[in-house]
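# Structural overview for review
So the chains spell out like this:
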Amino acid sequence: MSQVRTFAAWPNRIVIGQGSAQQLPDEIRLLKGTKAFFITDEFLRRTDLVAGLVQKVEEAGIAVQVFSEISPNPLDVEVEKAAAAINDFHPDVLVAVGGGSPIDAAKAANVVATHGGVAKDYWVLAGGSAKITGPLLPLIAIPTTSGTGSEVSSGSLVTDSKLHIKMSINVWRLVPAVSIIDPLMTVSMPPKLTAFTGMDALTHAIEAYVSNVFFVPSRGLALEAIRVISRSLRKAVYDGNNLQAREDMAVGSMTAGLGFVHTLLGLVHGMAHQLSTICNFPHGLANGMVLPVVMKYNMEIDPQPYADIAAAMGVNVHGLTPREAALRGIEEVIGLSKDVGLPQRLSEAGVKEEDIQPMVERALKDSITNFNPRRSTAEDVERLYRSIF
Ligand SMILES: [Fe+2]
């Protein structure tokens, strides 16, 4: 008999479509909100995207405060500052607008504001999830990138500013109450950011599909996300005004998020996190560079899931063995990565030889590495980093 497991973490409401962000005041009212605390980043705060939403919410008679001191890899101190501002303002709804960073920061700030202490107290590896027992503020997430899936996930990654490690805070109740997926919020993303975040979304879908946590609906979501992302990412990068490609990427990224929230990720993310914390790589760039070598490494123990991925990416797998199909799929990922402009060597992207050893040690300790289908040794991980150095 199989073990009893609970898969609870999907949002209450998903609102999708061009212009859906304009429904924000209605969504706040549905949550009985009268005071909305926005969390975004400094760049977005200065744009019409955020200013327009704030104006619309204020016109609906809802009080607003905006907090924008969130960096690209959000820090514990920023989360704690946001939590203090939440407690000063006493909002009844949180609204996160941005890429993964403001949304992750909003989840962590929600926990610290409602439960006290500091971000580190709630770190998964320190048993922090069990401490998140009290009520949380409802969160509305509006992504402006198509990559992290944070708008539908229960996880929040916060960097410890002293130790330079990513801490994961993760309980299912951190899934946003409402996710608003509006492709118009993503059209101003420059090609590079579109490419990085898109490769992150593809990595989520692939790692969700091969994860050692098996949940049939997640596998279906992951495969469909792979299909949508691999046929739309080039179009979104080459022509940011292609609204169909933007919508496909937004929905594909969200679908990957709905998949990995239950299965979690794997060694690609375990290795990529260290490129971000030690070498300051953007998250999606790090994943995109590591993805093909980890695919190759994992397929050696079981090529079939990677053959399925190849077929979803549009490779004609007819007559191929699973191993041949899997290898073609990896070639497809490398082709996509090159076409959207990712560098192929870590040394070209600023990594130094002496960075490798600390990255190996931390990748093995990263909690997300536990969900990889193949168990890894330090020698394996070092070989993988070196193979793309
Ligand atoms: Fe990611």
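Residues numbered from 1 in each chain as written. Predicted model: local features only at pLDDT ≥ 70, side-chain atom pairs only at ≥ 80, totals over all residues. Heavy atoms only, no water.

## A word on the packing of aromatic side chains
On inspection of all chains with the given rule, the structure shows 2 aromatic pairs. Here the aromatic rings of Phe37 and Phe67 are separated by 6.4 Å at their centres, their planes lie at 25°, and the arrangement is stacked. Linking Phe37 in strand β2 (residues 35-39) with Phe67 in strand β3 (residues 63-67), this pair joins segments that are 30 residues apart in sequence. The rings of Phe37, Phe67 and Phe89 are connected pair by pair, giving a single aromatic cluster. Directly above the aromatic system of Tyr209 lies the positively charged group of Arg219, at a separation of 4.1 Å from the ring centroid. Between the NZ or CZ atom of Arg374 and the centre of the ring of Tyr297, over which it lies, the distance is 4.0 Å. (Phe/Tyr/Trp six-rings, centres within 6.5 Å; stacked < 30°, edge-to-face > 60°. Helix = DSSP H or I, 4+ residues; strand = E, 2+ residues; numbered from the N terminus. Lys NZ or Arg CZ within 6 Å of the ring centre and 35° of its normal.)

## Brief notes about the pattern of salt bridges
Evaluation of the coordinates by the stated rule reveals 13 salt bridges. A salt bridge links Glu42 to Arg46, with the shortest nitrogen-to-oxygen separation between them at 3.1 Å. What makes Glu42 partly exposed here is its relative accessible area of 28%. The exposed category is assigned to Arg46, whose relative accessible area is 64%. Of the charged contacts in the structure, one is a salt bridge between Arg383 and Asp380, with a shortest N-O distance of 3.8 Å. Here the residue Arg383 and the residue Asp380 both occupy positions in helix α14 (residues 378-387), the gap between them amounting to 3 residues, near one helical turn. Of the residues examined, Arg383 reaches a relative accessible area of 45% and is grouped as partly exposed. With a relative accessible area of 14%, Asp380 lands in the buried category. Within this structure, Glu42, Arg45 and Arg46 form a network of salt bridges that share partners. (Salt bridge = Lys/Arg side-chain N within 4 Å of Asp/Glu carboxyl O. Buried < 20%, exposed > 50% of the residue type's maximum accessible area, 1.4 Å probe, protein only.)

## Examining the domain arrangement of the protein
Split by domain assignment, the protein resolves into domain 1 (13-185) and domain 2 (191-387). Here domain 1 and domain 2 have C-alpha centroids that lie 26 Å from each other. In this complex, domain 1 contributes 26 residues to the contact, which on the side of domain 2 involves 27 residues. Approximately 2000 Å² of surface area, both sides summed, lies buried where domain 1 meets domain 2, with 65% of it carried by carbon and sulfur atoms. Linking domain 1 with domain 2 are 0 salt bridges, by the criterion used here. The interface formed by domain 1 and domain 2 contains 4 residue pairs in polar contact (both at pLDDT 80 or more). Listing elements by their share of the side of domain 1 that touches domain 2, those giving two or more residues are β1 (13-16), β6 (155-159) and β7 (166-170). A per-element tally of the side of domain 1 that touches domain 2 places β7 first, with 3 residues. (Domains from an automatic or database assignment. Contact = heavy atoms within 4.5 Å. Buried area = accessible area lost by both parts, 1.4 Å probe. Polar contact = N/O pair within 3.5 Å; in protein donor to acceptor, adjacent residues only side chain to side chain.)

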